[in-house]
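# Structural characterization, general
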Amino acid sequence: MSEYLPVILPLVWAVILAIGVLIYVVLDGFDLGLGVLFPFAPNHRCRDAMMNSVAPYWDGNETWLVLGGGGLLAAFPLAYSLLLPALYLPLILMLCGLILRGVAFEFRYKAETSRWMWDWAFAGGSTLAAFVQGAAIGCFIQGFEIKDNAYAGGAFDWLTPFVIVTGVALVAGYVLLACGWLIMKGDDELRDWAYDIGKKALIAVAAFILIFSIWTPLMHDEIAERWFSLGNMVMLSPVPILTALSVVGVWYALEKRWTYVPFLLSIVIFLLCYTGLIVSLFPFIIPPDITIWDAAAAPKSQLFMLYGAIPLVPIILGYTAYSYYSMWHVKDHGYH
Amino acid sequence: MFDLDPVMLARIQFAFTVSFHILFPAFTIGLSMWLFVLECLWLRTGKPIYLDTAKHWSKIFAVSFGMGVVSGIVMSYEFGTNWSVLSREGGNILGPLLSYEVLTAFFLEAGFLGIMLFGWNHVPKGVHLLATGAVAFGTLISAFWILSANSWMQTPAGYEVIDGVLHAKDWVELIFNPSFPYRFAHMVTAAYLTTAFCVGGIGAWYLLRNRSVPHGKIMLGMALSLIVWMAPMQLVIGDLHGLNTLEHQPAKVAALEAHWETGSGIPLILFAIPDNEAEENHFEVAIPGLGSLILTHEWDGEVRGLKSWAKEDRPNPIIPFFAFRLMVGCGMIMIALGFIGAFLWFRGTLFTTRWYLRSMVICWPIGFVAVLAGWFVTEVGRQPWVVYNILRTEDAVSPVPGGSVLTTLILFVVVYFFIFGAGMYYMAKLVRRGPDETPPEPDEDEVDLSRRPMAASGNP
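Since this is a predicted model, take the numbers as computed values, not measurements. For every chain, the first residue of its written sequence is number 1, and the numbers climb from 1 along that sequence. Throughout, the order in which chains and ligands are written sets their labels, letters from A for the former and numbers from 1 for the latter. Two thresholds apply to this predicted model, a pLDDT of at least 70 for residue-level local features and 80 or more for giving and counting side-chain atom pairs, whereas whole-chain, interface and lining totals are computed over all residues.

Under the DSSP-based scheme used, a helix requires at least four consecutive residues in state H or I and a strand at least two consecutive residues in state E, with every element numbered from the N terminus. Within chain A, the regular secondary structure consists of 14 helices and four strands. As a reference, a globule follows 2.2 Å times the number of residues to the power 0.38, and the radius of gyration itself is taken over C-alpha atoms. Relative to the compact-globule value of 20 Å for 336 residues, chain A shows a C-alpha radius of gyration of 20 Å, a close match. By principal-axis analysis of the C-alpha atoms, chain A measures approximately 60 × 40 × 40 Å. C-beta atoms are first placed from the backbone for all residues, and any pair lying within 7 Å is then listed as a contact. Looking at chain A alone, contacts between residues at least 24 apart form 76% of all its contacts between residues at least 6 apart.

Further remarks concern the overall build of chain B. When its secondary structure is counted, chain B shows 13 helices and eight strands. A compact globule built from 460 residues would reach a C-alpha radius of gyration of about 23 Å, and chain B, at 24 Å, matches this within 12%. A principal-axis box enclosing the C-alpha atoms of chain B has dimensions of 70 × 50 × 45 Å. To sort residues by burial, count the other C-beta atoms lying within 10 Å of each one's C-beta; a count of 20 or more means buried, 12 or fewer means exposed, and anything in between means partly exposed. C-beta atoms are built from the backbone. When the 460 residues of chain B are sorted by exposure, 52% land in the buried category. For chain B, the share of sequence-separated contacts (at least 6 apart) that also reach a separation of at least 24 residues comes to 73%.

By a frequent convention, interface size equals the accessible area lost on bringing the separate parts together. Counting from both sides, the interface comprises 65 residues of chain B and, opposite them, 65 residues of chain A. At the level of elements, α2 (48–82), α3 (84–118), β2 (165–168) and α13 (402–433) of chain B are the ones that each hand at least two residues to the side of chain B that touches chain A. Split by residue class, the side of chain B that touches chain A holds 37 nonpolar, 22 polar and six charged. Amino acids outside the nonpolar list (Ala, Val, Leu, Ile, Met, Phe, Trp, Tyr, Cys, Pro) and the charged list (Asp, Glu, Lys, Arg) are all regarded as polar, and Gly is one of them.

All names here are of chain B. Averaged over every residue, the pLDDT of chain B is 89; residues scoring 70 or more account for 94%. By definition, pLDDT measures how confident the predictor is in each residue, and it falls between 0 and 100. Segment residues 439–460: pLDDT under 50, and 21 contacts once partners within four positions in sequence are set aside and those in other chains are kept. The ipTM for the predicted assembly is 0.88, set against a pTM of 0.90.

Another point: the environment of B:Glu284. All names here are of chain B. By the element assignment, glutamate 284 lies in strand β5 (residues 280–287). It is 8.6 Å that separates the C-alpha atoms of glutamate 284 and proline 274, two residues lying 10 residues apart in sequence. Apart from the residues lying within four places of it in its own chain, the contact partners of glutamate 284 are Ile269 and Ala272.

Counting residues in hydrophobic clusters, the biggest one holds 254 residues, and the most contacted among them are A:Phe76, A:Ala79, A:Leu95, A:Val175, A:Ala178 and B:Ile227. If one sorts the elements of this core by residue count, α3(B) sits on top with 20 residues. Look past the residues within four positions of A:Phe76 in its chain and what remains in contact with it is A:Ile285, A:Ile292, A:Ala295, A:Ala296 and A:Ala297. Connectivity within a nonpolar core runs through C-beta atoms within 7 Å, and the core itself is a set of buried Ala, Val, Leu, Ile, Met, Phe, Trp, Tyr and Cys residues.

Right, let's get into the environment of A:Ala55. Residues and elements named next belong to chain A. With respect to the helices and strands, alanine 55 occurs in the loop between α2 (44–54) and α3 (58–75). A count of 22 C-beta atoms within 10 Å places alanine 55 in the buried class. In the structure, alanine 55 is positioned 91 residues away from isoleucine 146 in sequence and 41 Å away in space, judged by C-alpha atoms.

Here we come to the pairing of strand β4 (residues 268–275) of chain B. On any regular strand, side chains alternate: one points to one face of the sheet, the next to the other face. Residue and element names in this part refer to chain B. By this definition, two strands are paired if DSSP reports at least two bridges between them. Where β4 lies against β5, six bridges are found, and the strand directions are antiparallel. Residue pairing across strands places aspartate 275 opposite glutamate 280, the latter belonging to β5. From the end of β4 to the start of β5, which pair antiparallel, there are four residues, and glutamate 279 there has a positive phi angle of about 55°.

All right, on to the pairing of strand β1 (residues 159–162) of chain B then. All names here are of chain B. Two strands pair when backbone bridges link them, and β1 and β2 are joined in this way by four bridges, in the antiparallel orientation. Directly across from isoleucine 162, in β2, lies its bridge partner valine 165. In this antiparallel pair of consecutive strands, β1 and β2, the connection spans two residues, and aspartate 163 shows a positive phi of 50°.

This part is about helix α10 (residues 318–347) of chain B. All names here are of chain B. Spanning 30 residues, α10 covers 44 Å between terminal C-alpha atoms, matching the ideal 44 Å at 1.5 Å per step. All buried positions along α10 are accounted for by Pro320, Phe321, Ala323, Phe324, Met327, Cys330, Gly331, Met334, Leu337, Gly338 and Gly341. In this structure, the buried side of α10 is in contact with α6 (180–209), α7 (213–248), α8 (250–257), β4, α11 (354–362) and α12 (366–381). With its phi angle positive at about 85°, glycine 348 sits one or two positions after the end of α10. Here the expected length of a helix is defined as 1.5 Å per residue gap, with one fewer gap than residues.

With that settled, consider the packing of helix α1 (residues 6–45) of chain B against α6(B). Residue and element names in this part refer to chain B. Here, axes are lines fitted to C-alpha atoms. For helices the fit covers the stretch in contact, and angles between N-to-C directions go from 0 to 180 degrees. Direction vectors running N to C along α1 and α6 enclose 75°, while the axes themselves pass 7 Å from each other. Relative to α6, the element α1 lies roughly perpendicular. The segment α1 lies against α6, with Pro25, Ala26, Phe27, Ile29, Gly30, Leu31 and Trp34 engaging Val188, Ala190, Ala191, Tyr192, Thr194, Thr195, Ala196, Cys198 and Val199. Partitioned by chemical class, the residues of the contact of α1 with α6 number 13 nonpolar, three polar and no charged. Should an angle lie under 35 degrees it is considered roughly parallel, over 145 roughly antiparallel, and from 65 to 115 roughly perpendicular; all remaining angles are considered oblique.

Comment: phi is negative for the bulk of residues other than glycine, and the bulk of peptide bonds are trans. With an omega dihedral of 0°, the bond running from A:Phe282 to A:Pro283 counts as a cis peptide bond. The omega torsion of the bond from A:Pro287 to A:Pro288 falls at 5°, within 30 degrees of zero and hence cis. Assignment of secondary structure puts A:Pro288 in the loop between β3 (284–286) and β4 (290–291). Phi is positive for A:Arg257, close to 55°, though the residue is something other than glycine. Tracing the sequence through the fold places A:Arg257 in the loop between α11 (238–255) and α12 (261–281). With a phi close to 65°, B:Asn389 is a non-glycine residue in the positive phi region. Turning to its location among the elements, B:Asn389 is positioned in the loop between β7 (385–387) and β8 (391–392).

So, in structure tokens, the structure goes:
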């Protein structure tokens, strides 16, 4: 048994972290998306309602990002030590964006004359964070220059046209999630508006999915081969087909003004794109050189964490769900 | 001085961001527990004054907790952005400790924070109490893991080195490493004292202004009943921590006492300007023989001097020396204020003795000063090592150009001062507004900021 551990444990942890990142993307996705939409809201009352709808949850949502950082360090220390220096400037920009939008939740309600400042901090910080996260995904597809287990590229190597497009694409995706959230949680005025914006965001998301489906295989022969060699093409065909169906489904749900389907089906679009990304990159955690097995922590460390994660993650999901449930119909979060 | 040395810049950046961050946990660890106690008292006695006080302080808690969360996210990434070699070589050990902190503490705090802050009228009272308790307990668990990780870097145990990478050998030995129990007790006590002085100081301020007097009495009274025994206890814990440091990190003790020569019956230096180049003290004022007694608890105990390490293997004593004196000075003031307050309380004049109330107001930030000073002692004092006697700070740094580190350092300074200033301003505003005397039911569905009640008694 123990000789299989170094093979199996990295896989297990890759799955756990992948799920954690997905939960983060969905939860903080709508959260950040609200910030992107914030300046465009019809009026002040709508902005208050948007912020209130997420005020009890934002901290929990961002904790998944901390888990991402801590988990990557613990399970794949080499990947952590390569990725963060490589993305040094964009990551710190993202952190500053998250700081500004996070404190805005508290400060905005305490402020009277300076409220506009925190409106901008919330909108600007959210947009910046969303863009950098999208750019980081682009960087993964692009690959990193590694020499002797250390990042060997420059401070601005990450900044390419491709990465800028992935950054904008994720902003659009987060806006779509935010519209789905507002449709569930908003009043009539907000919902009308969200149905309208949601359609525009959906068109943008669909366009970006198409662009990347063409651009990514053109960038890397290995990725092209993985998707388009005959056997794989058949096996992997459900991914693009389901994605197309989901896009159509969200459109239909927005047309029919359904309440919960737009959000839930938008999550499915995210899930499918994410699957596509994993198919393209697996088993590399720092493309194009470092696999999950190269980067894995010692089996003893991965096992030690697994003992904790197995009972704790379901408990966490349980009380997170309870928190969402118990505060779901509470509209007035701003009094404090 | 500034030749864009990436190591020095990375150290300054880490010191700045972590110093800023620690202010908020130091405050919220104690505050959340106090809020929990207040809520218990309210449920037991049914007196609305406890609820009013808890609701008022939970607003202040929300602001500081928010700032703690966002500045904490930075910390969880800074290990990689600035100290990637430490992450790679120490990841097997530090990673699991930090991950356990996220899994057992951060999620608990974040999951129940929403209910704690916004759920007053929307969940059953028992559930709300449970949520407050979960947040309070979460802050303690968080302190447990992060101090375990820090202590392990100071006094590594339960590990082995294989091919230049650190591996865990015995998790129990590793987590409960030699300095951990002392550091954990010292920090948690410090956090409670920090909160107590904030609460007590603000309570005293209300009493001086003759507003919210019953609330002010509760704040000052509860704070004082903690300070009076915890401040002396902190002195004992600190002393034990010092003995432990002398055993495991003697160079740190030599630095914080500015002792250059090894010897027995060494003096206690009250003031000096330690000079690392000349290896001597200027303007030294000392009490003969007392140093050995304090450090070793024996009149003729031997203490190693800084000169017994090569210059590159020992810390520069200047910061640890002064920071230590600042910390101890704060501790002495805390003990004095605790005893005097207890005496006045016993005489029945605590709430009317204006000079004492004024001293408490002036001393509200004393805990923060002591906490920062203490961390500067222990962190500068462990240099040049990031993992003691295993990995040097200069070898642990990321391959990031000095220009990038400087740019982001400036960015952090600007952003942090901006939000810190704003946070202080809003917290001060909440304090000035004071607790609502009558609970603000009925439930409003809309937030209308223009209608928000200003303090009935107006701003001073």
